[in-house]
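Single-letter residue listing:
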Amino acid sequence: MSLLEVRDLTVSYTRRGRWGGVHARPAVHGVSFAVEPGEVVAVVGESGSGKTTTAQAVIGLLPPNGRLDGGQILLGGTDIAGWSQRRLQTVRGAQIGLVPQDPANSLNPVKPVGVQIGEALRLHRRGDRRTIAHRVVELLERVGLPDPEVRARQYPHELSGGMRQRVLIAIAVALEPRLIIADEPTSALDVTVQRRILDLIDDLRAESGTAVLLVTHDLGVAMDRSDRLVVMKDGRIEERGATRAVLGAPQAAYTARLLRDAPALRAPEFLSVGTARTTAGATAGTAAEEASREPAVVVRDLVKEYRAGGRPFRAVDGVSFEVPRGTTHALVGESGSGKTTTARMVMRLAEPTSGSVAIGGVETAGVRGARLRALRRDVQLVYQNPYGSLDPRQSVADIVEEPLRNFGLGDRAGRRERVRDLLDRVALPAAVLGRRPRELSGGQRQRVAIARALAPGPKVVVLDEAVSALDVSVQAQILDLLGELQRDLGLTYLFISHDLAVVRQVSHTVSVMSKGRIVETGTTRRLFENPGHAYTRALLAAVPGTAHQLAGQEVGR
Amino acid sequence: MRPGLILSWALITLVALWALVPGVFTGYDPIAGTPAEKLRAPGPGHLFGTDAVGRDLFARVVHGAVHSLSGAFVAVAVGLLLGTLLGLVAGSVRGALDEIVMRVVDVLLSVPGLLLALTVIILLGPGTVNVAVAVGVGSVASFARLARSEVVRVRRTDYVEAAFGSGGRFAAVLWRHVLPNSLVPVVALAALQFGVAILAISTLGFLGYGAEPPTPEWGLLISEGRNYLATAWWLTTLPGTVVVAVVLAASRISRSIGREDG
Amino acid sequence: MSGSARYLLSRAGQAVLVLWAAFTAGYVLLQLLPGDAILIKFQNPELGLSPEQIAEIRSYYGTDGPGAYLHTLLGFLRGDFGYSIDTGTPVAERLAEGLPATAKLAGTAFALAVLIAVAVAFASCHTRLSRLRGALQAVPSLFVSVPAFWLGIVLIQVFSFRLRLVPVIGGSEVQQLLLPVLTLAVPISAPIAQILARSLDQVRAQPFVPVVAAKGASPGWILWRHVARNALPPTLTVAGLTFGELIAGSVVTETVFGRNGVGRLTEQAVNAQDTPVLLAVVVLAATVFVLVNLVVDLLYPVLDPRLRRAVA
């Protein structure tokens, strides 16, 4: 008998209409799968696929507007789908544990973490105050937190993201449930932390024989960590089976596409400076000559110092690099490495404490007023979050036209014409001209942001995590677009990212940053094939999905 | 649009029409009464009944709309213009000026609105315009604080930084992005303050600092009706109900501003 | 010096600064009225002041310019608020007469307002019937739209004249207090109920709530042990802000019900253009408001560990 068997699960979300009527929008249709004792089943899909809704339905914690329309949820052979909330309370925590998505907000901010772990034991009456306190310390130690007695008395904000996720795992395993639902447990964490957390879950599973239902958008994570795979799209199952079999020879076209788009799993040829992607070279000479000319961006000894509580803190500490024209240079690092601050100083959106930046041979330090504005024609920025970087009250046409108006480029008719060209360039239909950002999808918004960046005809574009917020298939499309634009327009990119797999695919040269410093710089090929620094090696090893490539396994394509 | 919101707009429109063309809604004179018909209970002839000198109460409420509405308009205009200007300047310039403006706002907020209004009235003397100005002064601080916090919030957004990044001048970015995006909550507050101002003006009218009798100002109407509590309930209850309905409608409209579904 | 001590000192300093500025602004504004006219008023034989009293008042208001300002400021710090133009008696005396009654009225009304607010907010949060929930959610906006003076009149009409439950004149102290307290409490309860209901809803939408539910907690456990605690700080802030309204509301309530107190005194002062009394009331109101909000601010770090600063 399976530990968990989901049969024909159907869930919908209800929404109150303008006139008080109730509309139901189906989110999951007829989903069936099983989890055997001790195994890891990964549910994979992009946003809107219904993977999280499925997990929520299993534990009976759908959002208030969610409704279970049909199907069975058999836990150890008993159908709990029709159970009352009161009856489900005896199952939650005791038989099914939950590891949530967002460690930053998943703990009550006003209670010490020890109390929150102990609460699971208290709710199910496992021992008196003293035995619970004792067990809490044991659990904290088990999930790998040093000084567990001290940690138990600390509040969530006093712990790092990785530590909070460990606390949440301690809560999930406190009662040794037979099944743990892990909903995107590491999406909000840095790769090296992600790896350690996934290792911890694996260890606990091996130790106690608990089964795991792992919900993830990351095919690499699913590949590394799961025994069986369920691929979902638009609330339906596209494909399921043993992980190796599915990824080795996908049956559904959608699975094949996901595999093709997942950056960690597609290993294209490395780009190199000698083969700078430009066709504009016809007028500027050969690619090699192009590269040998003055670099588009030269950064020397850049320092940014903040004062935090009277003590100076160096967010960026002596960073230097060059970007040859027409190539992509990536700044890679985990959160807090100083990569975004560096990008902002290159843009002169932040003032460097010391050091210099030259764009196209022009020194930017101390440039103000009209000259600074002129400089900004040459270097443009695309932000990570396309929801926040577009003015919600402007139409797409106004957004893309704005730089042209600012720089006084062309008359009214000319500008309109140019806006149409730019939208065409980023493959958006003219129909979006009159729309506002909220009427567009995430990928479309990012295309608008790119069109705006291209409007003044820049030489350098800084891409700050520009594809990180997007689903893999959209991400792949935007990356292809960026490559195409670079070839056609001879653009130089400074590509800021935490995602090594993406960096491998798009950049010619890479600088790895950690704690405000560059620990290693080189061509992408050299860095990936022969990393020199221990930190680079740790980063590379942590990328999900690469374990299989290193082992030489052929991934289906 | 939801039914409650439609009702609110309909009510505000109706009251605005009372203020503009009162003659369309009632044939009775609001000032001159018919002593023979004094203290009649509400009925077909007199919708809201009549008062102690035989004036039709409905006519007095309809003709009183212009006093309450124009007073509320003046009050909101004073608060909105003065407060928003202060908040915008403080939020966009920052620095020492911001500090000074916000301390002044703290001081204004520390004194209850009614006492602030009474202070203004003791200085300027009673009267409809003075009461409106007094109520407006009381709301300057709220407008200033909201406008400033909105400007500061919008200035921190990526799209404002992106506007500077694409070559925007300070004034252009302020005008094109900061102002329109920070004004929506301010407009919502103005709608809310419209209701609050009607409340405050009627309170000051009730205390006797507004219009002189026999002006049919709403607060004054209720104050005059106090003498007939035992015999003529309608003299206080019905004008008060109108005030409550108008204030409720204003707050409902305020809540719908800046939201998609209303 | 520790971080929390520094925080406490800086907040207290800010409070003093605001009070000083409020006093100064009030003083300057009320000085705009012609000063000599005030002295002439005191000499009006109708007030029945003895020559010694007039000489005392003259010495209090006698000085001009910055000297007078300093004199008045020092007087206020000592609890000496000058003389009422209306009656010629010291303002402090008149305030002392009215204060106990107003404090009783306002204190009881505040307690009742909090009670109403908590009941309305939790009921609307806890109920599963969507109709009842909608009705309860509309209660605060109704309460805030009711003019206090009108509410008082309607209460008198219903309870005293129709139902004859509460006598218009006389009656026990509780009976006398009942309607005024209700009049004052209803409008004040509205903003507290609004913010509490909104905070409860916001906290319930936070990601940590399903985590607690996943441990096997019941809805009641979640609401009382987790959600309510997190909704407290914003509610406390708004409750502190209503203290200003409490004082303003007592002006209206005391007038409607003919009760003596600081509110009634204020109304009489405005009618008589009695500026020293009004200045004293304004400064008193500002002091209460600033002190209450200072206490709220200082309570914040106790309620929210994120605001506790590390000891330097």
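Heads up: the structure comes first, above all this text.
All values derive from a computational prediction rather than experimental measurement. (Residues numbered from 1 in each chain as written. Chains lettered and ligands numbered in written order. Predicted model: local features only at pLDDT ≥ 70, side-chain atom pairs only at ≥ 80, totals over all residues. Heavy atoms only, no water.)

A.B. asks: Explain the overall build of chain B to me, using residue names and the numbers behind them.
C.D. replies: In terms of helices and strands, chain B carries 10 helices and 0 strands. Each of the three principal axes of chain B carries a C-alpha extent, and together these read 75 × 45 × 25 Å. Burial analysis of chain B (262 residues in total) assigns 54% to the buried set. Within chain B, counting contacts between residues at least 6 apart in sequence, those at least 24 apart form 69% of the total. Just so you have it, chain B exposes about 10500 Å², and 69% of that area is on carbon and sulfur atoms. With 18 positive and 15 negative side-chain charges, chain B shows a separation of 6 Å between the mean positions of the two kinds. (Helix = DSSP H or I, 4+ residues; strand = E, 2+ residues; numbered from the N terminus. Buried < 20%, exposed > 50% of the residue type's maximum accessible area, 1.4 Å probe, protein only. Contact = heavy atoms within 4.5 Å. Areas by Shrake-Rupley, 256 points an atom, 1.4 Å probe, with all protein chains shown as cover. Lys, Arg positive; Asp, Glu negative; His and termini not counted. Charge placed at Lys NZ, Arg CZ, Asp CG, Glu CD.)

A.B. asks: So, a nonpolar patch on the surface: which residues are in play, and what are the values?
C.D. replies: Residue and element names in this part refer to chain B. Where nonpolar side chains cluster on the molecular surface, the patch consists of Leu-17, Leu-20, Val-21 and Val-24 and spans about 390 Å² of accessible area. Inspection of the secondary structure assignment puts Val-24 in helix H2 (residues 22-25). Residue classification places Val-24 among the exposed positions, given a relative accessible area of 66%. (Patch = residues over 30% accessible without salt bridge, like charges linked within 9 Å, V, L, I, M, F, W, Y side chains within 5 Å. Salt bridge = Lys/Arg side-chain N within 4 Å of Asp/Glu carboxyl O.)

A.B. asks: Can you lay out the packing of aromatic side chains for me, pointing to particular residues and giving the numbers?
C.D. replies: All names here are of chain C. Here the structure, examined in full by the defined rule, presents 13 aromatic pairs over all chains. On the numbers, 5.3 Å between centres and 65° between planes, the contact of Tyr-27 with Tyr-69 is edge-to-face. Here Tyr-27, found in helix H1 (residues 3-31), pairs with Tyr-69, found in helix H4 (residues 65-78); they are 42 residues apart in sequence, far enough to count as distant. For the pair Tyr-27 and Tyr-69, one class covers both residues: buried. Site record: aromatic cluster; members linked through ring pairs are Phe-23, Tyr-27, Tyr-69, Phe-76 and Phe-81. Positioned over the ring face of Trp-221 is Arg-225, at 3.9 Å from the centre of the ring. (Phe/Tyr/Trp six-rings, centres within 6.5 Å; stacked < 30°, edge-to-face > 60°. Lys NZ or Arg CZ within 6 Å of the ring centre and 35° of its normal.)

A.B. asks: Any chance you could break down the side chain of Thr-364 of chain A for me, citing the residues and the numbers?
C.D. replies: Secondary-structure assignment places Thr-364 of chain A in the loop between strand E15 (362-363) and helix H14 (369-378). Excluding residues that lie within four positions of it along the chain, Thr-364 of chain A makes contacts with Arg-348, Val-357, Ile-359 and Leu-375 of chain A.

A.B. asks: Summarise the sheet that holds strand E6 (residues 96-99) of chain A; cite the residues concerned and give the values.
C.D. replies: Paired through backbone hydrogen bonds, the strands of a sheet run either parallel or antiparallel to each other. Residues and elements named next belong to chain A. The mixed open sheet is built from 6 strands, whose spatial order is E6-E7-E8-E3-E9-E10. Because the sheet does not close on itself, it has two edges, and the strands there are E6 and strand E10 (236-242). Between one strand axis and the next, the sheet turns through 15° on average, direction left out of account. Packing against the sheet, helix H6 (residues 161-173) makes contact with E6 and strand E7 (179-183), and its axis sits at approximately 170° to E6. (Pairing = 2+ DSSP bridges. Axes fitted to C-alpha atoms, helices over the stretch in contact; angles between N-to-C directions.)

A.B. asks: Tell me what's going on with the interface of chain B and chain A, and back it up with residues and numbers.
C.D. replies: Think of interface size as the accessible area that goes away when the parts come together; that is how it is often given. Tallying the contact residues gives 22 residues for chain B and 25 residues for chain A. Mapped onto the side of chain B that touches chain A, the elements with two or more residues apiece are helix H1 (3-20), helix H7 (158-165) and helix H8 (170-207) of chain B. Tallying contributions element by element places H7 of chain B first for the side of chain B that touches chain A, with 7 residues. Grouping the constituent residues of the side of chain B that touches chain A by class yields 9 nonpolar, 6 polar and 7 charged. (Nonpolar A, V, L, I, M, F, W, Y, C, P; charged D, E, K, R; others polar.)

A.B. asks: Run through the interface of chain C and chain B, naming residues and quoting values.
C.D. replies: Counting residues at the interface gives 44 residues for chain C and 38 residues for chain B. For the chain C and chain B pair, buried surface summed over both sides reaches about 3400 Å², with 77% attributable to carbon and sulfur atoms. The largest share of the area that chain C buries against chain B comes from Phe-149, Trp-150 and Gln-157 of chain C, three residues that together contribute 18% of it. Where chain C packs against chain B, one counts 0 salt bridges. (Buried area = accessible area lost by both parts, 1.4 Å probe.)

A.B. asks: Hey, could you go over the sheet that holds strand E5 (residues 78-79) of chain A for me, with residue numbers and the actual values?
C.D. replies: In space, the 4 strands of this open sheet follow the order E2-E1-E4-E5 (chain A), with antiparallel pairing throughout. Pairing within the sheet leaves two strands with one partner each, and these edge strands are strand E2 (22-35) and E5 of chain A.

A.B. asks: Just give me the short version of helix H5 (residues 91-126) of chain C, but keep the residues and values in it.
C.D. replies: An ideal rise of 1.5 Å per residue puts 52 Å on 36 residues; H5 of chain C measures up with 50 Å between its terminal C-alpha atoms. Approximately 35° is the largest bend angle found in H5 of chain C, and it occurs at Leu-99 of chain C, with the proline Pro-100 of chain C only one to four residues beyond. (Expected span 1.5 Å × (residues − 1). Bend = angle between axes of the 7 residues up to and from the residue.)

A.B. asks: With reference to specific residues and values, describe the pattern of salt bridges.
C.D. replies: The full count for this structure, using the stated rule, is 41 salt bridges over all chains. Among the salt bridges present, the one from Arg-526 of chain A reaches Glu-520 of chain A, with a minimum N-O distance of 2.8 Å. Owing to a relative accessible area of 31%, Arg-526 of chain A belongs among the partly exposed residues under this scheme. Overall, the relative accessible area of 7% leaves Glu-520 of chain A in the buried class. Put simply, Arg-306 of chain C and Asp-304 of chain C hold a salt bridge, and the shortest N to O gap is 3.1 Å. Classification of Asp-304 of chain C by relative accessible area gives buried; the value is 9%.

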